[in-house]
Amino acid sequence: MLGSRALGAAGPRVFSGVQPTGHLTLGNYLGAMRRWVEVDQRRGDALFCVVDLHALTVEHDPGRVRRLTRQAATLLLAAGLEPERCTVFVQSHVDEHARLSYLMECTASDGEMRRMVQYKEKVAQRAARGESVRLSLLTYPALMAADILAYGTQEVPVGADQAQHVELTRDLAVRFNQRYGETFVVPRATHPKVAERVMDLQEPTSKMGKSGQERKTGVVYVLDEAEVVRKKVMRAVTDGGSDVAYEPEERPGVANLLNVLAACTEGDPRELAGAYGSYGSLKKDTADAVVEVLRPVRERHAALAADAGYVDSVLRDGAERARAMARPRVDAAYRAVGLLA
Ligand code: TRP
């Protein structure tokens, strides 16, 4: 039984999540998952969650969400998260998230939710297309706060774009504790050092994002075949000039390739710039490096995907452990606000 050993009780409680809104990208891997595997699951008592409830905040196809949830969980294991060291589970399998989210909605104010940059950006995009916005897109940070606070989380390893949501989570924890008595641990965000932001290869000023229906040529997916990865990297937009220099502001395309190469080879983007005389050779080496970094993940994913029973048992066991960790604190919160006995 997977559940029979004690998780790394010595380290900090760590929680992070990934949304199943699209196929996971090289950006997800280099910017988050790899660090969860190499650092976070080793130093602490860590939980990693496929946050499928969050995927319902935008228009969704039920079958696709189900497939992507499964695929994301399988990829977390393929990337090297070990069920013997950490808890891997799916958000909707554990009721405590939705249960605590409501109390967070009762703690937050309407104004602070509307100030969230990500919300404002998404609303603007949708308004421009004449689309409506689900109410859950506004309340999403309450759910994210619940994800984090239910577990007494101390550290939240996330990309810089999530810093504001973690900041809000801290505010909600402090406010709740002040109003109703010490209930929640106040968490802090930790950000990856390398390749914090892998940018879109065709549009190097925006993040390499997974969301959206269509597969984009500027986005490398973790499960892309080697030839597809090579093509995408070789077609990456570069900038004016022909010598290779690391100038993120002036030459975002070349800087992005150098960042990716550096992240894949544990090098330094500035030093690497000096080693290349042309964009062509930089692209070729970057393509090779990305293919090599993703190869073992893709291979393990194929093996795991063929063993549905194993992935099911990991997720069932993960949900059971997560539930046991969250339940007492969420019950305590319900009692603190005047519910339950
Ligand atoms: N909002 C995060 C993202 O878009 C995903 C997420 C949901 C998350 N709940 C979380 C991350 C809790 C860390 C902790 O990337």
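The notes below deal with the structure included here. (Residues numbered from 1 in each chain as written. Predicted model: local features only at pLDDT ≥ 70, side-chain atom pairs only at ≥ 80, totals over all residues. Heavy atoms only, no water.)

**Concerning the overall build of the chain**
Step number 1: Secondary structure summary: the chain contains 12 helices and five strands in total.
Step number 2: Against the compact-globule benchmark of 20 Å for 341 residues, the chain has a radius of gyration of 21 Å, which places it among compact chains.
Step number 3: The principal-axis extent of the C-alpha atoms belonging to the chain is close to 70 × 45 × 35 Å.
Step number 4: Within the chain, buried positions represent 52% of all 341 residues.
Step number 5: For the chain, contacts bridging at least 24 residues in sequence account for 78% of all contacts bridging at least 6.
Step number 6: Summed over all atoms, the accessible surface of the chain reaches about 15,300 Å², with 51% contributed by carbon and sulfur.
Step number 7: Taken together, the 46 basic and 45 acidic charged side chains of the chain have centroids lying 3 Å from each other. (Helix = DSSP H or I, 4+ residues; strand = E, 2+ residues; numbered from the N terminus. Rg over C-alpha atoms; globule rule 2.2 N^0.38 Å. Buried < 20%, exposed > 50% of the residue type's maximum accessible area, 1.4 Å probe, protein only. Contact = heavy atoms within 4.5 Å. Areas by Shrake-Rupley, 256 points an atom, 1.4 Å probe, with all protein chains shown as cover. Lys, Arg positive; Asp, Glu negative; His and termini not counted. Charge placed at Lys NZ, Arg CZ, Asp CG, Glu CD.)

**Notes on the side chain of Q41**
Step number 1: Note on placement: Q41 falls in helix α1 (residues 26-43).
Step number 2: In contact with Q41, other than residues within four places in its own chain, are W36, A46, F48, G80, L81, E82, R85 and C86.

**Remarks on the site of the ligand**
Step number 1: Residues in close proximity to the ligand total 13 residues, the closest being Q19, Y140, M144, D147 and Q162.
Step number 2: Y140 is positioned with one of its side-chain polar atoms (N or O) 2.5 Å from a nitrogen atom of the ligand.
Step number 3: In the model, a nitrogen atom of the ligand is placed 2.7 Å from a nitrogen or oxygen of the D147 side chain.
Step number 4: Across the complex, the protein chains shield 90% of the 360 Å² of accessible surface that the ligand would expose by itself.
Step number 5: Taken together, the residues of the shell around the ligand break down into seven nonpolar, five polar and one charged. (Near = heavy atom within 4 Å. Polar contact = N/O pair within 3.5 Å; in protein donor to acceptor, adjacent residues only side chain to side chain. Nonpolar A, V, L, I, M, F, W, Y, C, P; charged D, E, K, R; others polar.)

**Section: the packing of aromatic side chains**
Step number 1: Considering all chains together, one arrives at six aromatic pairs under this definition.
Step number 2: Between F15 and F89, the aromatic rings sit 6.4 Å apart at their centres with planes inclined by 70°, giving edge-to-face as the arrangement. On the criterion of sequence distance, the pair formed by F15 in strand β1 (residues 13-18) and F89 in strand β3 (residues 87-90) is long-range, its members being 74 residues apart.
Step number 3: What makes F15 buried here is its relative accessible area of 3%.
Step number 4: Residue F89 is classed as buried on the basis of its relative accessible area of 0%.
Step number 5: With a centroid separation of 4.8 Å and an interplanar angle of 55°, the aromatic rings of F176 and Y180 are classed as tilted. Of this pair, F176 and Y180 are both found in helix α7 (residues 163-180), four residues apart, which corresponds to roughly one turn of the helix.
Step number 6: Residue Y180 is classed as partly exposed on the basis of its relative accessible area, which comes to 33%.
Step number 7: Site record: aromatic cluster; members linked through ring pairs are F15, F89 and Y151. (Phe/Tyr/Trp six-rings, centres within 6.5 Å; stacked < 30°, edge-to-face > 60°.)

**With respect to the packing of helix α2 (residues 62-79) against helix α12 (residues 308-336)**
Step number 1: Viewed as axis vectors pointing N to C, α2 and α12 meet at an angle of 90°, and their least axial separation amounts to 11 Å. Here α12 runs roughly perpendicular to α2, going by the angle between their axes. Only A308, Y310, V311, D312, V314 and L315 of α12 make contact with α2, whose side of the interface consists of R70, A73, T74 and L77.
Step number 2: Partitioning the contact of α2 with α12 into residue classes produces seven nonpolar, one polar and two charged. (Axes fitted to C-alpha atoms, helices over the stretch in contact; angles between N-to-C directions. Parallel < 35°, antiparallel > 145°, perpendicular 65-115°, else oblique.)

**Side note on α1**
Step number 1: When the terminal C-alpha atoms of α1 are compared, their 24 Å separation across 18 residues agrees well with the 26 Å that a helix rising 1.5 Å per residue should span.
Step number 2: W36 marks the point of greatest bend in α1, at about 50°.
Step number 3: Counting buried positions over the 18 residues of α1 gives 13, a clear majority of the element.
Step number 4: For α1, the side-chain oxygen to backbone nitrogen distance between the N-cap and G27 is 3.0 Å, and the N-cap itself is T25. (Expected span 1.5 Å × (residues − 1). Bend = angle between axes of the 7 residues up to and from the residue.)

**Topic: the pattern of salt bridges**
Note on pairing: side chains with opposite charge can pair once their charged atoms come close.
Step number 1: Tallied over the full model, the rule gives 25 salt bridges.
Step number 2: E155 is the partner of R43 in a salt bridge, and the nearest nitrogen-oxygen pair spans 2.7 Å. Of this pair, R43 sits in helix α1 while E155 sits in strand β4 (residues 155-157), and the two are 112 residues apart along the sequence.
Step number 3: Its relative accessible area of 37% is what places R43 among the partly exposed residues.
Step number 4: Of the charged contacts in the structure, one is a salt bridge between E227 and R230, with a shortest N-O distance of 3.3 Å. (Salt bridge = Lys/Arg side-chain N within 4 Å of Asp/Glu carboxyl O.)

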